Amino acid sequence: MKENLMEKHELQGVIEELYNKYLCDRGGKVATYIPELGKADPEDFGICLVSSDGRIYETGNCEQSFTLQSVSKPFTFGMAIEELGHEHVFQRVGVEPSGEPFNSIELQAGTNRPYNPMVNAGAITVTALLHALYREAAFDTIQKRLSAAAGRSLSIDKDVYASETATGHRNRAIAYLLLNFGMVHAEAEDALDLYFKQCSMLVNCRDLAIMAATLSNMGRNPLTGVSVFDHRSVKDILSIMFTCGMYDYSGQWAYEVGVPAKSGVSGGVMAVVNRQLGVATYSPLLDIHGNSRRGIGVCTELAARLGLHAFDLMNSGSSFLDMVL
Ligand code: DON
């Protein structure tokens, strides 16, 4: 924490200040390539922080529901690693940043694996692995694990699910390309259906911050005390989020914000300050990379002001909790 000067009540003041500042930024666009997402209110905006010991700081609209979209990807990746092991998963998906947009139709030369589990091709591959493992129980299993991370039962937005199912031709093309190269099993359509469902799970900004805090707390939900992920898979999840979580903005994010993060096209951003904080923002106005514009602004400024960057001299590790909260 910078200069050890920040008092507990000041953290609430900082997020309120950032909220007011970024509320005035109406740049960016709501995603419409999944038609149902186009109905989001561009004015909606929330910021929530949850400490690794369960304290909640929030401002704006933190109860507005939105779909997880790509923020589901780190969690399904963690499940696959835990259930199937590294070797099995990494035969089918790599760990390299692609430098490409999230929906690019590109596989790694030589291996024909998707670049990483955070781009659509890699996430569909991971979900296919879970489908092959759990079969008809697959969605229930994913839903339960994500709900445990959020600390409440999460449901699906049936309209968004139907909308993406009807229009997700690009993801369908990716799934069949993966099938061609043997990266997904024969039931590519079923795997894709499961992927659309996981992306359509509803959360609010507070849920997302609790999910982030579960990762920051080595896999244990700090509010319920339930152990959701093994600390070894949390290490894998956070590493991939750090290098690949913000798509073709991942390098700049790592440079400026310096913490593992994941965004989704509905407007959620989830950032994890290891052993310290879960951070979530919601605003559906997206920049050209498909990341929430206000979310990027808030997280960048929050990291600078609180010294959250992993390599910031002022990042005092878990003692942050004693000093700030
Ligand atoms: O596969 C898709 O296109 C969406 N269900 C999820 C993409 C997404 O959230 C990318 N995020 N920036």
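Residues numbered from 1 in each chain as written. Predicted model: local features only at pLDDT ≥ 70, side-chain atom pairs only at ≥ 80, totals over all residues. Heavy atoms only, no water.

### Observations regarding the site of the ligand
- Residues in close proximity to the ligand total 14 residues, the closest being Tyr33, Gln69, Ser70, Glu164 and Tyr195.
- Within the side chain of Tyr33, a nitrogen or oxygen atom sits 2.5 Å from an oxygen atom of the ligand.
- With respect to the ligand, the side chain of Asn120 contributes an N or O atom lying 3.1 Å from an oxygen atom.
- If the ligand stood free it would expose 340 Å²; the protein chains cover 100% of that surface.
- Here the shell around the ligand is built from residues that sort into six nonpolar, seven polar and one charged. (Near = heavy atom within 4 Å. Polar contact = N/O pair within 3.5 Å; in protein donor to acceptor, adjacent residues only side chain to side chain. Areas by Shrake-Rupley, 256 points an atom, 1.4 Å probe, with all protein chains shown as cover. Nonpolar A, V, L, I, M, F, W, Y, C, P; charged D, E, K, R; others polar.)

### Overview of the environment of Leu178
- One can find Leu178 in helix 7 (residues 169–180).
- Judged by relative accessible area, which is 0%, Leu178 ranks as buried.
- Taking the C-alpha atoms as reference, Leu178 lies 42 Å from Leu18; in sequence the two are 160 residues apart.
- When sequence neighbours within four positions are dropped, the list of residues in contact with Leu178 reads Leu107, Pro114, Ala121, Ile124, Thr125, Met183 and Val184. (Helix = DSSP H or I, 4+ residues; strand = E, 2+ residues; numbered from the N terminus. Buried < 20%, exposed > 50% of the residue type's maximum accessible area, 1.4 Å probe, protein only. Contact = heavy atoms within 4.5 Å.)

### A closer look at the pattern of salt bridges
- This model, assessed by the stated rule, comprises 16 salt bridges.
- With a closest N to O distance of 2.7 Å, Lys21 and Glu301 form a salt bridge. Note that Lys21 is positioned in helix 1 (residues 8–23) and Glu301 in helix 12 (residues 293–306), a separation of 280 residues in sequence.
- Classification of Lys21 by relative accessible area gives partly exposed; the value is 45%.
- Between Arg232 and Asp230 there is a salt bridge, and its shortest N-O distance comes to 3.0 Å.
- When its relative accessible area of 57% is taken as the criterion, Arg232 is described as exposed.
- Within the structure, one salt-bridge network assembled from shared partners comprises Glu58, Glu63 and Arg206. (Salt bridge = Lys/Arg side-chain N within 4 Å of Asp/Glu carboxyl O.)

### Remarks on the layout of surface pockets
- Put simply, the largest pocket is a space of about 280 Å³.
- Lys235, Leu238, Pro260, Asn274 and Arg275 are, among the 17 residues lining the largest pocket, the residues nearest its centre.
- When contributions to the lining of the largest pocket are tallied by element, the ones reaching two or more residues are helix 10 (231–244) and strand 6 (268–273).
- With five residues, helix 10 is the largest single contributor of residues to the lining of the largest pocket.
- Its residues placed into classes, the lining of the largest pocket shows ten nonpolar, five polar and two charged.
- For the second largest pocket, the calculated volume is near 200 Å³.
- Leu37, Ala40, Ser65, Phe66 and Asp157 are the residues nearest the centre of the second largest pocket, which is lined by 18 residues in total.
- Across the lining of the second largest pocket, the residue classes break down as nine nonpolar, four polar and five charged. (1 Å grid on protein atoms, 1.4 Å probe; cavity = no way out; pocket = protein on both sides within 12 Å on 5 of 7 lines; lining within 4 Å. Points joined across faces, edges and corners; volume = space filled by probe spheres on them.)

Read these as geometric descriptors, not functional statements.
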